[in-house]
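# Report on the structure
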Amino acid sequence: MTGPGTTETTAATTTDTTTDGATYTTTDSAAGRTEPRPRFHDLIAAEWIKMWSLRSTPWAFAVSALLVVAINTNAAVADHNNWPGYPQGIKELFVPIWAMRDAFTIGGAMVLMLAAASIGALTVVGEYGTGQIRTTFAAVPARRSVLAAKTVVVTAVTTVLGAVAAVTSFAVTQAILSGRHVGLPFDHPGAARVMVASALLAPVCALVGMGVAALIRHTATTIVGLTLLLLVLPSLLNEGRHWTASLLHALPQGAWAELVTVGDSPVPVAHPTTIAGSWLVYGLWSLVAVVIALVAVHHRDPAP
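From a predicted model like this one, the values you see are computed outputs, not experimental measurements. (Residues numbered from 1 in each chain as written. Predicted model: local features only at pLDDT ≥ 70, side-chain atom pairs only at ≥ 80, totals over all residues. Heavy atoms only, no water.)

### Looking at the overall build of the protein
A tally of helices and strands in the protein yields 11 helices and two strands. Buried residues in the protein amount to 40% of all 304 residues. Sequence-distant contacts in the protein: of pairs separated by 6 or more residues, those separated by 24 or more amount to 72%. Carbon together with sulfur atoms contributes 65% to the accessible area of the protein, which is approximately 15500 Å² in total. (Helix = DSSP H or I, 4+ residues; strand = E, 2+ residues; numbered from the N terminus. Buried < 20%, exposed > 50% of the residue type's maximum accessible area, 1.4 Å probe, protein only. Contact = heavy atoms within 4.5 Å. Areas by Shrake-Rupley, 256 points an atom, 1.4 Å probe, with all protein chains shown as cover.)

### Thoughts on helix α10 (residues 252-259)
Most of α10 is tucked away, with six of its eight residues classed as buried. Among all positions in α10, only P252, Q253, G254, A255, W256 and L259 are buried.

### Regarding the side chain of T151
Within the secondary structure, T151 sits in helix α6 (residues 143-177). On the accessibility criterion, T151 (13% relative accessible area) is buried. Beyond its immediate chain neighbours, meaning those up to four positions away, T151 contacts L207, M210 and V290.

### Quick look at a nonpolar patch on the surface
Side chains of L280, L284, L287, V291 and V295 sit close together on the surface and give an oily, nonpolar patch of about 450 Å² of accessible area. If you trace the backbone, V291 turns up in helix α11 (residues 275-299). Residue V291 is classed as partly exposed on the basis of its relative accessible area, which comes to 40%. (Patch = residues over 30% accessible without salt bridge, like charges linked within 9 Å, V, L, I, M, F, W, Y side chains within 5 Å. Salt bridge = Lys/Arg side-chain N within 4 Å of Asp/Glu carboxyl O.)

### Describing the environment of T273
Note that T273 resides in the loop between α10 and α11. With a relative accessible area of 23%, T273 lands in the partly exposed category. Note: C-alpha distance between T273 and E258 (15 residues apart in sequence) is 7.4 Å. Non-local contacts of T273, meaning those with residues more than four positions away in its chain, are made with H249, E258 and S278.

### Looking at the nonpolar core
Within soluble globular proteins, side chains that are nonpolar generally end up buried alongside one another. In terms of nonpolar packing, the biggest core is built from 70 residues, with L230 and Y282 touching the most fellow members. Take this core: its biggest share by element is 16 residues, from helix α7 (residues 191-216). The contacts of Y282, once residues within four sequence positions are left out, are A197, L200, L201, V204, P252, A255, W256 and L259. (Core = buried A, V, L, I, M, F, W, Y, C linked by side-chain atoms within 4.5 Å.)

### Some points on the packing of helix α4 (residues 106-130) against α6
In a packed pair of helices, the relevant descriptors are the angle between the two axes and the axis-to-axis distance. Between α4 and α6, the least distance of the axes is 11 Å, while the angle of their chain directions is 155 degrees. In terms of their interaxial angle, α4 and α6 are classed as roughly antiparallel. Handedness of the α4/α6 crossing: right-handed. Across the interface between the two elements, L112, I119, G120, T123, V124 and E127 of α4 pack against L147, K150, V154, T158, L161 and G162 of α6. (Axes fitted to C-alpha atoms, helices over the stretch in contact; angles between N-to-C directions. Parallel < 35°, antiparallel > 145°, perpendicular 65-115°, else oblique. Left-handed = near helix turned anticlockwise from the far one by under 90°.)

### Let's talk about unusual backbone geometry
A cis amide bond links V95 to the next residue, P96, at an omega of 5 degrees. Secondary-structure assignment places P96 in helix α3 (residues 88-103). Here H181, not a glycine, exhibits a phi torsion of approximately 65 degrees, which is positive. Relative to the helices and strands, H181 is located in the loop between α6 and α7. Of note, R217 is a non-glycine position whose phi angle comes to about 60 degrees, a positive value. By secondary structure assignment, the location of R217 is in the loop between α7 and α8 (219-235). We classify R217 as buried; its relative accessible area is 10%.

### Points about the environment of W48
Its location among the elements puts W48 in helix α1 (residues 40-52). A relative accessible area of 42% means that W48 is categorised as partly exposed. In the structure, W48 is positioned 109 residues away from V157 in sequence and 9.5 Å away in space, judged by C-alpha atoms. Residues contacting W48, with those up to four places away along its chain left out, are V153 and V157.

### Quick look at the packing of aromatic side chains
Within the structure shown, the criterion is met by nine aromatic pairs. An angle of 25 degrees between the planes, with centres 5.4 Å apart, marks the rings of W52 and F61 as stacked. Both rings, one in W83 and one in Y86, keep their centres 6.2 Å apart while their planes meet at 75 degrees; by these two values the pair is edge-to-face. Three or more aromatic residues joined by ring pairs form one cluster here, namely W83, Y86, F94 and W98. (Phe/Tyr/Trp six-rings, centres within 6.5 Å; stacked < 30°, edge-to-face > 60°.)

### Here we look at the pattern of salt bridges
Applying the stated rule across the entire model yields five salt bridges. When the shortest N-O distance is used, the salt bridge between E47 and K50 registers 2.9 Å. Of this pair, E47 and K50 both sit in helix α1, three residues apart, which is roughly one turn of that helix. For E47, a relative accessible area of 8% corresponds to the buried category. For K50, a relative accessible area of 22% gives the class partly exposed.

Here's what the structure looks like:
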């Protein structure tokens, strides 16, 4: 009821359920105030701000890239210094096989894999550890949309990290080897594949890190698990038997090793894989990791 000289204000409440399963309630008052649903590019911006608001983030990327380039450079310097003592057989095989190995060594790849996987994992497990994930999901109930935004940001920044490390490593190492007239140009057959494969190794491992973190949700255990999966397991496998070779080729490190191999190997390979199959391994690991993270985040309680 309203009395004389009074005005009755009405409000309409609207409940909207998204395809992500989240429910938003908006109130339209007579003043016309509404609570808009967050747009996806707003979520991306929020994830970007969260990542770069930490002082350690720029340092983590810079140190990781420098360490990868330093490891690869060290290999090129060693070959440059040892070149006069190499037997003729090695010198004949050096271009392109060994020169390409110096462009991105297994040591550099392992550092890049662990760094990228840790960055991807921390974007997820870091929020669980601090309890910020509850605030995030309270503000944006669409959990899968939040994780999709994280995926976009992590993929973008780690791709840049991988590209910087790969291109810089190739340029520096081949410039050093040119002092012995065995350096390769950027347009050498297979050089582009080596750089692209090395660059994309970073986002692939970062997405794997996100998937493992969404399942485990504990920082130390997640990092240990990623180390075992990405670094230790491949070192325990070899190509001597068909099943071990198949498992090795199905891992990111094994796929990368095939993609960066240029030239005919002087040693016969008992169970070879293919370039197309190795690219497929990259894609499948990324896809499966994202699906696991989406399912885990959507169906599990935010509390660790």
